[in-house]
Amino acid sequence: MRELCIEPNPVLRKPARPVSAFAAELRRLAHELIETMYAHDGIGLAAPQVGLDLQLVVANPSQQRGRELVVANPVIETCQGRAAVTEGCLSVPNLWERVSRARRIHLSGQDLSGRPLRMDAEGLLAIVLQHEIDHLQGRLLIDRLPWWRRWRVGLKARNSPHACA
Ligand code: ZN
């Protein structure tokens, strides 16, 4: 398990590097991401949230062990429809905001062996993946809010402690 990085930690604002080495080390990091996600009752986690500069995300809206989705270098190829869900983020504690995103996405990326991966996602999985892929670009859910809600959230965020780095 790894320590979570909390806003305004700068690591959360930095675009992550692509995964280039698909070896045992990457599987270990993915395992740590998954365990950290479960330890905090999350349904998704991105590597920058634990201070890792890597394009790696894990997701599991079902929260059932063994059903984790792990994607390296994920890219949203196409989006369809709109869906607004109340989201939270482990890196932005005590904040729940309705965020508008695509209802369905087509995703490409790689698995932990480096094999190309393509998938369609909809519903909560599509939302989680969009949220996590935002993290890889240094974007947080608060950036998806209209300015007046961001301003209100900013007042709260200033009091957040650094969890790491
Ligand atoms: Zn998040």
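One can find the structure itself at the top, above this paragraph.
Here's what I pulled together on the structure shown here.

Definitions and limits used
Residues numbered from 1 in each chain as written. Predicted model: local features only at pLDDT ≥ 70, side-chain atom pairs only at ≥ 80, totals over all residues. Heavy atoms only, no water. Donors = N, O, S within 2.8 Å, 3.2 Å for Na, K, Ca; no water. Helix = DSSP H or I, 4+ residues; strand = E, 2+ residues; numbered from the N terminus. Phe/Tyr/Trp six-rings, centres within 6.5 Å; stacked < 30°, edge-to-face > 60°. Patch = residues over 30% accessible without salt bridge, like charges linked within 9 Å, V, L, I, M, F, W, Y side chains within 5 Å. Areas by Shrake-Rupley, 256 points an atom, 1.4 Å probe, with all protein chains shown as cover. Salt bridge = Lys/Arg side-chain N within 4 Å of Asp/Glu carboxyl O. Polar contact = N/O pair within 3.5 Å; in protein donor to acceptor, adjacent residues only side chain to side chain. Contact = heavy atoms within 4.5 Å.

**Examining the coordination of the zinc ion**
Line of reasoning, step 1. Donor atoms from the polypeptide that bind the zinc ion are Cys89 (SG), His131 (NE2) and His135 (NE2), placed at 2.0 to 2.2 Å.
Line of reasoning, step 2. Taken in sequence order, the residues that donate to the zinc ion follow the motif C-x41-H-x3-H. Here the residue histidine 131 and the residue histidine 135 both occupy positions in helix H2 (residues 123-136), the gap between them amounting to four residues, near one helical turn.

**Re the packing of aromatic side chains**
Line of reasoning, step 1. Applying the stated rule across the entire model yields one aromatic pair.
Line of reasoning, step 2. Seen from their ring centres, tryptophan 147 and tryptophan 148 are 6.1 Å apart, and the 90° between their planes marks the pair as edge-to-face.

**Here we look at a nonpolar patch on the surface**
Line of reasoning, step 1. A surface patch of nonpolar side chains, amounting to about 480 Å² of accessible area, comprises Trp147, Trp148 and Trp151.
Line of reasoning, step 2. Relative to the assigned elements, tryptophan 148 resides in helix H3 (residues 147-157).

**Quick look at the side chain of asparagine 60**
Line of reasoning, step 1. Along the chain, the position of asparagine 60 falls in the loop between strand S2 (56-59) and strand S3 (69-80).
Line of reasoning, step 2. Within polar-contact distance, the side chain of asparagine 60 engages the side chain of tyrosine 38 at 2.7 Å.
Line of reasoning, step 3. If sequence neighbours within four positions are ignored, asparagine 60 has contacts with Met37, Tyr38, Ile43, Arg65, Arg67 and Glu68.

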